[in-house]
Amino acid sequence: MKKKILFVDDEPGVLDYLRRTLRSKRAEWEMEFAGSGPEALALMAAKPYDVVAADMRMPGMDGPVLLGRVKELHPRSVRIFLAEEVDKDLGAIGLAHYFLRKPCEPGELKSMIERACSMRALLTDPSLVELLSRIDSLPSLPSLYQEVVREAQSPDGSLARVGDIISKDVGMSAKLLQVVNSAFFGSPGEVSSIMRAVNLLGLENIKALILTIKIFTCSHSANLSCYSLASLWGHSIAVGMIARGIATQEGFSQNRIDEALMAGMLHDVGKVILMEKFPGECRKICELVKSRGCELFEAEQKILGTTHARVGAYLMGLWGLSESAVEAIAFHHCPRNSTDESFGTLAVVHLANAEEHSEGGAKQRRGVDAEYLKKLGIGDRKWGGV
Ligand SMILES: [Fe+2]
Ligand SMILES: [Fe+2]
């Protein structure tokens, strides 16, 4: 079925530009163009849209008012702001799921809408939306990460300059060196400079570490056993490394290996958000885990109506992680609930997480979905060194 996309902008020139540049998507998208907020709301009253992309500044009903109405009347539509200047005060989840700076580069707009369509089920899950609506703002994509990505993507970008950019952030540099020198990475000898760390780990590993470190350093420590930041940090790095090990042994492409590492490191990022934003509920969740002996995600589902896996996937989707990394994060405890039936990032992260949660040498990986692995044909496969 074609995806229904509605564009709203008061400048006819902008709508014409969108019509022209998105013509190649006509086979997949049913696109409509409205010149004002009221016109858009009238179109939406007649039929639902999967995605609504609106200009921030319009006379009469402006973008924030329009998207506020869309949020209220059509909560299952994904909302995108098109704006000259991105106003951070609007918050990542307040009114829009995504922001795109105008004038939009067609490739960027197409990929954002594609991502929005594939994330729609997650972005508009009622209990997740209800929980997120109680948060004033979610952490925004770290600017250091954006700078590193920009440098890496520029035609004359270099690893040396990536090293320089990271070195300017003293806290990040210290933490990166600490991780690189920890047992997890098995570095050959002491790594004392960021440049050496960047060369040793490569760009993708560095990017994954920047995101993970930023998320963890933005949070305050909690004394809750189920959400202890210290053990979660070690667990996250370890799952990333195990996932990378499995993907490498399976002969996955380098992109897939990098994705497994990134998704592995960030798979439990939702726990950090929950602990930071809902400490009272997290306390109750921990008590439930203790009294019932259930899994943490089951207790979260009972008390919050959603899980750390879905919260984390939501944020990572907003931050622009690949669709399969987001899916791996969303379903890392219950892979059979996903539509992914191939041996890819989800299965790798699920296995790595189960492996890391298992007590050393345990015969049975803890929390593993044996049925799912059997379906993928890897029910009794073993990987060395993980
Ligand atoms: Fe988890
Ligand atoms: Fe985990």
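Residues numbered from 1 in each chain as written. Chains lettered and ligands numbered in written order. Predicted model: local features only at pLDDT ≥ 70, side-chain atom pairs only at ≥ 80, totals over all residues.

Draft legend 1. The overall build of the protein, seen in detail. Helix and strand content of the protein: 19 helices and 5 strands. Over its C-alpha atoms the protein spans a radius of gyration of 22 Å, differing by no more than 12% from the 21 Å that the globule rule assigns to 386 residues. Expressed as a percentage of the 386 residues in the protein, the buried residues total 39%. In the protein, 62% of the contacts between residues at least 6 apart in sequence involve partners at least 24 apart. (Helix = DSSP H or I, 4+ residues; strand = E, 2+ residues; numbered from the N terminus. Rg over C-alpha atoms; globule rule 2.2 N^0.38 Å. Buried ≥ 20, exposed ≤ 12 C-beta atoms within 10 Å, placed from the backbone. Contact = placed C-beta atoms within 7 Å.)

Draft legend 2. Layout of the nonpolar core. Counting 105 residues, the largest nonpolar core has Ile-80, Ala-243, Met-316 and Ile-329 as the members making the most contacts within it. Among the elements that make up this core, the one with the highest residue count is helix H11 (residues 229-249) (8 residues). Of the residues that make up this core, three or more belong to each of domain 1 (3-124) and domain 2 (143-375). Non-local contacts of Ile-80, meaning those with residues more than four positions away in its chain, are made with Val-51, Ala-53, Ala-96, His-97, Tyr-98, Leu-100, Met-112 and Ala-116. (Core = buried A, V, L, I, M, F, W, Y, C linked by C-beta atoms within 7 Å. Domains from an automatic or database assignment.)

Draft legend 3. Here's a closer look at the domain arrangement of the protein. When the domains of the protein are assigned, the result is domain 1 (3-124) and domain 2 (143-375). Listed per partner, the contact involves 8 residues of domain 1 and 8 residues of domain 2. Looking at which element gives the most residues to the side of domain 1 that touches domain 2, the answer is helix H4 (residues 106-123), with 5 residues. Partitioned by chemical class, the residues of the side of domain 1 that touches domain 2 number 5 nonpolar, 2 polar and 1 charged. (Nonpolar A, V, L, I, M, F, W, Y, C, P; charged D, E, K, R; others polar.)

Draft legend 4. Representation of the sheet that holds strand S1 (residues 3-8) in the model. Taking strand neighbours across the sheet as the criterion, the 5 strands line up as S2-S1-S3-S4-S5 in an open arrangement whose pairing is parallel. Strand pairing shows two members of the sheet lacking a second neighbour, strand S2 (29-34) and strand S5 (98-101), which therefore form its edges. The sheet shows a mean angle of 20° between the axes of neighbouring strands, direction not considered. With 4 bridges connecting them, strand S4 (residues 78-83) and S5 associate as parallel partners. Among the inter-strand pairings, Ala-83 is bridged to a residue of S5, identified as Arg-101. Contacting S1, S2 and strand S3 (51-55), helix H2 (residues 37-46) crosses the sheet at an angle of about 160° to S1. (Pairing = 2+ DSSP bridges. Axes fitted to C-alpha atoms, helices over the stretch in contact; angles between N-to-C directions.)

Draft legend 5. Local environment of the environment of Ala-352. Tracing the chain through its elements places Ala-352 in helix H18 (residues 345-357). Residue class for Ala-352 comes out buried when judged on the 30 C-beta atoms lying within 10 Å of it. Taking the C-alpha atoms as reference, Ala-352 lies 5.2 Å from Ala-243; in sequence the two are 109 residues apart. Setting aside residues up to four positions removed in sequence, Ala-352 forms contacts with Val-239, Ile-242, Ala-243, Ile-246 and Gly-264.

Draft legend 6. Up close: the pairing of S3. By the criterion of burial, S3 is predominantly enclosed, with 5 of the 5 residues buried. Because side chains alternate across S3, one face comprises the buried residues Val-51, Ala-53 and Asp-55, and the other comprises Val-52 and Ala-54, equally buried. Where S1 lies against S3, 4 bridges are found, and the strand directions are parallel. Across the sheet, the residue bridging to Ile-5 is Val-51, located in S3. With 5 bridges connecting them, S3 and S4 associate as parallel partners.

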